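Coordinates in review
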Amino acid sequence: MILDLHTHSVRSDDGRAKVDNYCQWIRKKELPLDGFVLTEHRQYDDTSDYRDLEDQYGLLILKASEVETDYGHVLVFGVNEELTHAFDFARVDNHIGDVLAAARRCGAVAAPCHPGRPNVGLFAHFERKGPIDGVDLVEIYNGGSRPGEDEMSEAEADRFGYRGFGGSDSHIVSRIGYAATEFDDPIRSIDDLVSALQAGRCRARTFR
Amino acid sequence: MRFSEVELGDDLPETHPDISMDKVRLFVKAAYMDFPRFTDHEFAKSEGLPGAIVPGVMSQGFLAAMIHQWAPGAKIRKLDTVFRTTMVVDTSATCRGAVTDLDEDNRLVEVDLTMLNHEGVTSVIGTATVELAD
């Protein structure tokens, strides 16, 4: 089962993709995706209901968040009410240690995305400030990466012993599926996704 | 290009606009935005830029031109862009588009837009809503 774990819709300030257009694009282009996760910037969308779209297109649509920290951007899967009160999702300067610890305490998974990117990637911050504890999963394939960024992410993740996943980071419809994650077991819910990520029963895929 | 000829997923023919200094100088004079960050590489570098940069509104113009080359006579009802990185003057650029939605009642087409720099890095993303003839 293959899911794109990093997408943005019009709910993100720089997103220009409608969720239903993602769905019809995936089917029209026969992309090898079974679903995708909406990771809106600096927020968790607890209101949108995509069950009709899931039924219409036979796709799994899950919701997560992309938050910003002093060590770059971090995807948070398995957001629940307790976690939304643990730190301020809207801030751009959360301490990554707080985010990682809160996610773990609340049964979620927090994973740095595009870690090989200058300025907003984890490894750029490692170079300046040194490594941190608590990371065990990073996005090694990002559909928006510049040449060399994914290679750096993969190499550094290997060096630090981090597991990897993939996501397109699409902000427009036609970019969905550029990178994704393949799972060993069926994923039917956000709980399944969190369990699979925690267990490491998945691998990053790139389709660029 | 007529609405009936368009399908979801169609790619627009890509274009390679001229972003040479001569063209940028002509544009900024016509647009009353003749600032050295657009026309002087050394000045732009002194401001921390990688070189003189293509004005954002000029990039939008290139994307609109691509749409009109694909569909002459089409009406662009909306053109919405996000600028992700700079496009340096005197390099090369590629504009691409793809049809992502069709509104048959109003003959409107939704188009994804991207503009890539000489390294293949996406400099501009966006969408356009385009009205086509029957």
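All chains use their own residue numbering, which begins from 1 and follows the written sequence. In the order they appear in the text, chains get letters beginning with A and ligands get numbers beginning with 1. Per-residue local features are limited, in this predicted model, to residues with pLDDT of at least 70; the limit for side-chain atom pairs, both in listing and counting, is 80 or more; totals at the level of whole chains, interfaces and linings are taken over all residues. Only heavy atoms go into the side-chain values, all of them from the structure, while hydrogens and water stay out.

1. Some remarks on the overall build of chain B
As a reminder of what qualifies: Labels follow the DSSP assignment, with helices taken as runs of H or I lasting at least four residues and strands as runs of E lasting at least two, numbered in each case from the N terminus. The cut-offs for exposure are 20% and 50% of the maximum accessible area for each residue type, with area from a 1.4 Å probe on protein chains only; residues under the lower value are buried, those over the upper are exposed, and the others partly exposed. The convention is simple: Lys and Arg are positive, Asp and Glu are negative, and His and the chain ends are not counted. Positions of charges follow a simple convention, taking NZ of Lys, CZ of Arg, CG of Asp or CD of Glu.
Counting its regular elements, chain B contains four helices and five strands. Helices (α) and strands (β) of chain B occur, in sequence order from the N terminus, as β-α-α-α-α-β-β-β-β. Along the first, second and third principal axes, the C-alpha set of chain B runs to 50 × 30 × 20 Å. Burial status across chain B gives 48% buried among its 134 residues. Considering chain B, the positive charge centre built from 12 side chains and the negative charge centre built from 22 side chains are found 6 Å apart.

2. Details of the nonpolar core
Operational definition: Put simply, buried Ala, Val, Leu, Ile, Met, Phe, Trp, Tyr and Cys residues joined by side-chain atoms within 4.5 Å make one nonpolar core. Working rule for contacts: check all heavy atoms of both residues, and any pair within 4.5 Å makes them a contact.
Residues Trp 70, Val 109, Met 115 and Leu 132 of chain B are the most contacted members of the largest nonpolar core, which totals 35 residues. Among the elements that line this core, the one with the most residues is helix α4 (residues 56–70) of chain B, at six residues. With residues near it in sequence (within four places) discarded, Val 109 of chain B still touches Phe 3, Val 6, Trp 70, Val 99, Asp 101, Leu 102, Ala 128, Thr 129, Val 130 and Leu 132 of chain B. Among the nonpolar cores identified, the runner-up in size contains 28 residues, and Ala 103, Ala 108, Tyr 162 and Ala 204 of chain A belong to it.

3. Considering the interface of chain B and chain A
Condition: The buried area of a pairing is the accessible area, by a 1.4 Å probe, that goes missing from both parts when the two are put together, added over both. Here, a salt bridge means any side-chain nitrogen of Lys or Arg that lies within 4 Å of a carboxyl oxygen of Asp or Glu. N or O atoms closer than or at 3.5 Å make up a polar contact, with two conditions inside protein: a donor-capable atom paired with an acceptor-capable one, and, for residues adjacent in sequence, both atoms drawn from side chains. Polar here means any residue other than Ala, Val, Leu, Ile, Met, Phe, Trp, Tyr, Cys and Pro, which are nonpolar, and Asp, Glu, Lys and Arg, which are charged; Gly is therefore polar.
On the side of chain A, 15 residues touch chain B, which itself brings 22 residues to the contact. Between chain B and chain A the total buried area reaches about 1,500 Å² when both faces are included, carbon and sulfur atoms providing 52% of it. Counting across the interface, chain B meets chain A through two salt bridges. Seen at the junction of chain B and chain A, the total is nine residue pairs in polar contact (both at pLDDT 80 or more). For the side of chain B that touches chain A, the elements supplying multiple residues, two or more each, are β2 (75–83), β3 (94–103), β4 (108–116) and β5 (122–131) of chain B. Residue composition of the side of chain B that touches chain A, grouped by class: seven nonpolar, eight polar and seven charged.

4. Some details on empty space enclosed by the protein
Note the cut-off: Using protein atoms alone on a 1 Å grid, points that fit a 1.4 Å probe yet trap it form a cavity, whereas open point sets bounded by protein on both sides within 12 Å along at least five of seven lines form a pocket; residues with an atom within 4 Å of a point count as lining. Grid points are joined across faces, edges and corners, and a volume is the space filled by probe spheres set on the points.
Counting across every chain of the model gives one cavity of 30 Å³ or more. There is about 30 Å³ of room inside the largest cavity. Taken together, Arg 16, Ala 17, Lys 18, Asn 21 and Val 173 of chain A together with Thr 100, Glu 110, Asp 112 and Thr 127 of chain B make up the lining of the largest cavity.

5. What to know about the pattern of salt bridges
Residue and element names in this part refer to chain A. Counted according to the given criterion, the structure contains 20 salt bridges over all chains. Among the salt bridges present, the one from Arg 42 reaches Asp 13, with a minimum N-O distance of 2.4 Å. Of the two residues, Arg 42 sits in the loop between β2 (35–41) and α2 (51–57) while Asp 13 sits in the loop between β1 (2–7) and α1 (19–28), which places them 29 residues apart along the sequence. Classification of Arg 42 as partly exposed rests on a relative accessible area of 22%. With a shortest N-O distance of 3.1 Å, Glu 149 and Arg 117 are connected by a salt bridge. Residue Glu 149 is located in helix α6 (residues 149–160), and its partner Arg 117 is located in the loop between β5 (109–112) and α5 (122–129); the two are separated by 32 residues in the primary sequence. With respect to class, Glu 149 is no different from Arg 117; both count as buried.

6. Focus on unusual backbone geometry
All names here are of chain B. One non-glycine residue, Asp 90, lies in the positive phi region at around 75°. Note on placement: Asp 90 falls in the loop between β2 and β3. On the basis of relative accessibility, which here comes to 45%, the residue Asp 90 falls in the partly exposed class. One non-glycine residue with positive phi stands out, namely Arg 107, at about 55°. Residue position: Arg 107 is located in the loop between β3 and β4.

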